Amino acid sequence: IHPFDEQMQRLLLEMAEDISYALGHLLDEAERSEEQAQLRMLTEALNQSPAVIIMTDLNEAIEYANPAFTRRYGYTHREAIGRSIRFLQPGESGDAVFDGIQSCLEREGRWSGELVNVAKDGKEYIEQATVAIVRASDGRPLKQVYALRNITEQKHGEQERQKLQAQLQHIQKMDSIGRLAGG
């Protein structure tokens, strides 16, 4: 003998299904909320990064540039979106550089090295660059992402150090010659 009649069993089963649906919906909503929080955090990280982050389509047209891009190069978001990233390195040498980057990306999926990019006001920036292909879950290439760190001052410091080193060696050489000549 069952303590609940058939109608009560159906009602309880219906309530269990409703509760199960509601719990599933709450879990889905919690996951979405967590994903949205992560997305907001990643967006803030990109927006606050001192490194320039640029995302292009596979034809090198800029689709996203973080605020560091505008601060460094002087181009507004509107001026950059849709343009080829190659505009940061005008001339044939820039084309050769980007052709080399594209070739490496096709072979290896990433490239790392130094670039000299030119801002809107003509100022040159020496940058440590990393470029990678962003792929879909099936491995299909979707986008290219560029991370550019300004190393201009560091490079100028190295050049100045090398210049001073060469001057010191020249002075030491001249001193040795003077001692030999003076006997």
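A short tour of the structure in this document, coming up.

Cut-offs used in this document
Residues numbered from 1 in each chain as written. Predicted model: local features only at pLDDT ≥ 70, side-chain atom pairs only at ≥ 80, totals over all residues. Heavy atoms only, no water. Phe/Tyr/Trp six-rings, centres within 6.5 Å; stacked < 30°, edge-to-face > 60°. Helix = DSSP H or I, 4+ residues; strand = E, 2+ residues; numbered from the N terminus. Buried < 20%, exposed > 50% of the residue type's maximum accessible area, 1.4 Å probe, protein only. Expected span 1.5 Å × (residues − 1). Arc of directions from axis to C-beta. Contact = heavy atoms within 4.5 Å. Patch = residues over 30% accessible without salt bridge, like charges linked within 9 Å, V, L, I, M, F, W, Y side chains within 5 Å. Areas by Shrake-Rupley, 256 points an atom, 1.4 Å probe, with all protein chains shown as cover. Salt bridge = Lys/Arg side-chain N within 4 Å of Asp/Glu carboxyl O. Lys, Arg positive; Asp, Glu negative; His and termini not counted. Charge placed at Lys NZ, Arg CZ, Asp CG, Glu CD.

Another aspect to go through is the packing of aromatic side chains. Using the criterion set out here, one finds four aromatic pairs in the structure. Seen in terms of ring centroids, Tyr-73 and Tyr-125 are 6.2 Å apart; in terms of plane orientation they differ by 90°. Their pairing is edge-to-face. With a gap of 52 residues between them, Tyr-73 in helix H2 (residues 67-73) and Tyr-125 in strand S4 (residues 124-135) connect regions that are remote in the sequence. With respect to burial, Tyr-73 and Tyr-125 carry one shared label: buried.

Further remarks concern the environment of Ala-37. Mapping Ala-37 onto the fold places it in helix H1 (residues 6-48). Along the primary structure Ala-37 and Asn-66 are separated by 29 residues, whereas in three dimensions their C-alpha atoms are 19 Å apart.

A word on helix H4 (residues 92-108). Taking 1.5 Å as the rise per residue, H4 with 17 residues should run 24 Å; its terminal C-alpha atoms sit 24 Å apart, in good agreement. Residues of H4 that are buried: Gly-94, Phe-98, Ile-101, Gln-102, Cys-104 and Leu-105. Seen end-on, H4 carries its buried residues on one side only, within an arc spanning 165°. Exposed positions of H4 whose direction lies more than 90 degrees from the buried face are Glu-92, Ser-93, Glu-106 and Arg-107. Looking at the packing, one finds that the buried side of H4 touches strand S3 (110-118), S4 and strand S5 (141-150). Of the residues trailing H4, Gly-109 is marked for its positive phi of about 85°.

With that out of the way, let us pick up a negative patch on the surface. Together, Asp-28, Glu-31, Glu-34 and Glu-35 make up a region of like negative charge exposed at the surface. Tracing the backbone shows Glu-35 in helix H1. Residue class for Glu-35 comes out partly exposed when judged on its relative accessible area of 49%.

That's the geometry; what it means functionally is another story.
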